[in-house]
Amino acid sequence: MDSVFNDLYEKYHQDVFQFLFYMVRNREQAEDLMQEVYIRVLKSHQHFEGKSSEKTWLFSIARNVAIDAFRKQKGWKQKIMEKFDWSSQQVKDEYPIPEEIAIQKEEIQLMYQGLENCTVDQKMVVIMRYIQELSITETAEALGWTESKVKTTQHRALKVLKKNMEELLGKEENTNEKVRVERS
Amino acid sequence: MKKSEWSDHELEQLLQQMPKIKDHRDPRDIYQSLSLKTKKRRAPAWIVPSVATLAAVLLLFILAPQVWQGNFQDSALKQESKDVLDNSDKMEMTKIMPDDDTKNGISSGHQDISIMAAPAETAIYEEELDEQQVITYTIPDQNAQIFVPVSVLVPKNSSWVELYQSQAEKLTEEQWGLSDYFPLNATLSMIDEKTMNIDVPEDHVYGNGSANETLFISILEETISRNENLQKITFSTNGNPGIMLGNYGERFEVNKPETKKKSYFIFRPNTQNSPFIVPGIEGFSDIAAALESMRAGNVTYGLEPSIPAEFVFDINVSSQEQLVLTFTGEEQLLDESKYVYCIEAILLTAKEFGYKSVKFENSPITQIGRFNMENEIKVPVAPNKVILH
């Protein structure tokens, strides 16, 4: 096995995989994208200049792979179909809540769902900063942003996330109440 | 749900509690599928269709001419024959004067004749000089019997001797049906204004046999008399004065020969080209005899008559400068190249006898080629103009 692959696998595989998983919210797709990350990494590893740390370099590749995947998913066909199929616009989460999340407490599930409705940028920052526990500097390097952009996006992301979670909670309580009313 | 309000801090903590997601696959499996994928990528999807397209286009190119051959054969043949004609035209162009007789043969119908360019002259005339000078080469024919004077126009500003040598490299003697003689295998230089030195290498071939020697000396004599700026040619061999020529012994110089007055004839060494107008073998002391010889030609040497039988005139020698010829014939003359050559041959012969111009009286036609038959016609500067490329 390639020594570069081995090295990278040992150090970063699970981290990058987790990032991709939370980005695309699906294990199979995350596995595919992980493959893509390795292909790009091995192709350009000799050009890796050590300007940034290996870790942020790997994350920046993962980020590009994820963004490309989103673009591909939204091919021109889907874009046209969306225009005519209003019902599909309501449906947001294409995949069911994964097992790993489903067994967690309610708040975590709520947060997972709330993340769905954040923008890609917001999602990336939140995942990198809190789930991967990267520093602001590392996040900025991985995303190719300035640190202040990371900070403002992170701030905005938390607000959106909170709003999303509250909305989701409100809906849930409504249905709960309805159920209660019907029962009484 | 117990809580409906989260602080940022609580959110952050909650995020940190998000479950760690692991990839359970074996790294070896990942690597294997990875190398499979990278290999697969070597042949992108577009290669197969594009190869197929290329093959189809190639087939089209190969097959199309055969499919349409029936339709195109005729025009292709026409094109081909046209090309051949073009080629022969080109050959004429590289040569000297376009031969209008052959052009007539090719073009059919009277209309073509009417739009045809006027028959072209062969010599160089004063009007053409225009800040240029003339170099006349004397080129032997393939039997080394006839010397064909061939003239080129060159810029005046350059040195004559340099041009003489450099232009000589461009002469296409063999294409004209003559023998390849120039450039001389020698270094040429001017010693003074009227004397040219020819420096030959020690292994020169100009002394190999009496024929060679005679030819060499004759050509040089001819060169001196044809080029006004030369009076004398001196020899040196590898820098040392003199040249060894078997029968002559050692020669040091060639002087301007006594001019033999010659008449001019039509010479066609290559029937595809226009003819040369060349001096004959004999010399004459009397212009009337010289002109008379031109009606006969010289079969032995392949010289055609230059004055056609119907071109009849009386000779009227009234002054030293002008020769007057009065037509006495009954026949109508045409504006044709054979009469242009005839007039040129007369002019060149008149020049040999020292006349500056020729006047035709009682001409049945006003214009032949470039010549206005009603005015006096100046003799040419040099015979047989060629344009070198």
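Cut-offs and rules
- Each chain has its residues counted from 1, running along the sequence as written.
- Each chain takes a letter, starting from A, and each ligand takes a number, starting from 1, following the order in which they are written.
- With pLDDT at 70 or above as the cut-off, local features in this predicted model cover only qualifying residues; side-chain atom pairs require 80 or more to be listed or tallied, and sums for whole chains, interfaces and linings still use all residues.
- The secondary structure listing takes helices from DSSP runs of H or I that are at least 4 residues long and strands from runs of E that are at least 2 residues long, numbered from the N terminus.
- Partly exposed residues are those whose C-beta has more than 12 but fewer than 20 other C-beta atoms within 10 Å; with 20 or more the residue is buried, with 12 or fewer it is exposed, and the C-beta atoms are placed from the backbone.
- Residue pairs are scored as contacts if the distance between their C-beta atoms, which are placed from the backbone, is within 7 Å.
- Take the buried Ala, Val, Leu, Ile, Met, Phe, Trp, Tyr and Cys residues, join any whose C-beta atoms are within 7 Å, and the set you get is a nonpolar core.
- Just so you know, the domain bounds were taken from an automatic or database domain assignment.
- UniProt positions are given in the numbering used here, feature names are shortened, and annotations may be inferred rather than shown by experiment.
- For this scheme, ten residues count as nonpolar: Ala, Val, Leu, Ile, Met, Phe, Trp, Tyr, Cys and Pro. Four count as charged, namely Asp, Glu, Lys and Arg, and the remainder, Gly too, count as polar.
- By this rule, a helix spans an expected 1.5 Å times one less than how many residues it contains.
- We call two strands paired when DSSP finds no fewer than two bridges between them.
- Throughout, an axis means a line fitted to C-alpha atoms (over the contacting stretch in the case of helices), and angles, computed between N-to-C directions, take values from 0 to 180 degrees.

A. Layout of the overall build of chain B. When helices and strands are counted, chain B shows 11 helices and 17 strands. When burial is assessed residue by residue, chain B has 28% of its 389 residues classed as buried. Considering only residue pairs separated by 6 or more positions, chain B has 63% of its internal contacts joining residues 24 or more positions apart.

B. Quick peek at the nonpolar core. Among the nonpolar cores identified, the biggest contains 66 residues, and Val148, Ala345 and Val358 of chain B are the most heavily contacted of them. Each of two domains, domain 1 (126–255) and domain 2 (264–378) of chain B, supplies a minimum of three residues to this core. Formed by 46 residues, the second largest nonpolar core is a distinct cluster that contains Cys118, Met128, Leu134 and Leu143 of chain A.

C. Focus on the environment of Phe265 of chain B. Residues and elements named next belong to chain B. Position of Phe265 relative to the elements: it lies in strand β10 (residues 262–267). Of the residues examined, Phe265 has 28 C-beta atoms within 10 Å and is grouped as buried. With 76 residues separating them in the primary sequence, Phe265 and Tyr341 have C-alpha atoms 9.0 Å apart. Residues contacting Phe265, with those up to four places away along its chain left out, are Val278, Gly280, Met294, Gly297, Asn298, Leu303, Glu304, Ser306 and Ala345.

D. Broad picture of the UniProt feature "domain: RNA polymerase sigma factor 70 region 4 type" (unreviewed entry) in chain A. Under the feature "domain: RNA polymerase sigma factor 70 region 4 type" (unreviewed entry), the UniProt entry names residues 120–159 of chain A. For residues 120–159 of chain A, helix accounts for 82% and strand for 0%, while the C-alpha atoms at its two ends are 15 Å apart.

E. Main features of the UniProt feature "transmembrane region" (unreviewed entry) in chain B. Here, UniProt's "transmembrane region" (unreviewed entry) annotation points to residues 45–68 of chain B. Counting secondary structure, residues 45–68 of chain B comes out at 88% helix and 0% strand; the distance between its end C-alpha atoms is 36 Å.

F. Expanded view of the interface of chain B and chain A. Facing the 24 residues of chain B at the interface are 32 residues of chain A. Of all the elements in the fold, those that place two or more residues in the side of chain B that touches chain A are α1 (8–16) and α2 (27–41) of chain B. Split by residue class, the side of chain B that touches chain A holds 11 nonpolar, five polar and eight charged.

G. Representation of helix α11 (residues 337–352) of chain B in the model. Counted at 1.5 Å a residue, the expected span for α11 of chain B with its 16 residues is 22 Å, and the 23 Å between its end C-alpha atoms agrees. Phi for Gly354 of chain B, located one or two positions after α11 of chain B, is positive at around 90°.

H. Examining the sheet that holds strand β14 (residues 357–361) of chain B more closely. Residues and elements named next belong to chain B. Reading across from one edge, β12-β13-β14-β17 is the order of the four strands in this open sheet, with mixed pairing throughout. This sheet does not close on itself; its edge strands, each paired only once, are β12 (313–317) and β17 (376–378). For this sheet the average axis-to-axis angle between neighbouring strands, irrespective of direction, equals 25°. Bridging between β14 and β17 involves three bridges; their strand directions are antiparallel. Among the inter-strand pairings, Val358 is bridged to a residue of β17, identified as Ile377.

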